[in-house]
Structures are given as structure tokens and as C-alpha cells.
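Structure assessment
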Amino acid sequence: MTPQTLLCTGLTRDGVYLVDKGEVVGVVNNFRFNESPVELLHTRVTEAGQTMRCFGREFGEFQNRMAMPALRIRDFTMSSVSNAL
């Protein structure tokens, strides 16, 4: 049986930018979000970029064998503004 929901809460950090017509036009606040990755991946991915090697924020150079694409998610909900640094 696969999970039907999995609610995760998180916080954007280290650069959240306003993009207009493919160009970065400004910096915006950090936000808190509450979303289900199961539901996002199953029903709301509208675009996926090229898979790229990347560093995970929590592991950095110690675990650099990660790869993932950028995803565009329809109706992603930011629940509140955060003053996190």
C-alpha cells in the first residue's frame, strides 16, 4: 500500500527570488510552506528541468552524489512569511 498523503512543513532559505518572464527581478522574503510531496509529485508537476548534480543543504560536500531536476509545481502554497535568516 502506498501512502496517500504525507504533509511536510518547511522553510525557504538562502535566496528566494522573484522571477518575471524568465528573469530574476528582485529578492523576496523567506516563506513557510505545508505541502504533501506525494500529492505534489503525483498530480501537480507541470514541468521538469534537466537533472543536475547538486549539493544537499544538510550534507554539503560530505554527500555530493545527489542529482535532481528543477520542478515547476502548480498551486504550491506558501503558508506564511518567515523572518528566518
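Before reading further, recall that the structure is shown in the block above.
Keep in mind the model is a prediction, meaning the values are calculated, not measured. (Residues numbered from 1 in each chain as written. Predicted model: local features only at pLDDT ≥ 70, side-chain atom pairs only at ≥ 80, totals over all residues. Heavy atoms only, no water.)

Examining the pattern of salt bridges
We count it as follows: Counted as salt bridges are all cases of a side-chain nitrogen of Lys or Arg within 4 Å of a carboxyl oxygen of Asp or Glu. Between buried and exposed lies partly exposed: a residue is buried under 20% and exposed over 50% of the maximum accessible area for its type, with that area taken using a 1.4 Å probe on protein chains only. In this text, helices come from DSSP runs of H or I with a minimum length of four residues, and strands from runs of E with a minimum of two, each type numbered from the N-terminal end.
Summed over all chains, the structure comprises four salt bridges. Among the ionic pairs, Glu-35 bridges to Arg-44, the shortest N-O distance being 3.2 Å. Its relative accessible area of 7% is what places Glu-35 among the buried residues. A salt bridge links Glu-47 to Arg-72, with the nearest nitrogen and oxygen atoms 3.1 Å apart. With a gap of 25 residues between them, Glu-47 in strand E5 (residues 45-48) and Arg-72 in strand E8 (residues 71-73) connect regions that are remote in the sequence. Members of the salt-bridge network, linked through shared partners, are Glu-35, Glu-39 and Arg-44.

Take it as geometry only, folks, not as evidence of what the structure does.
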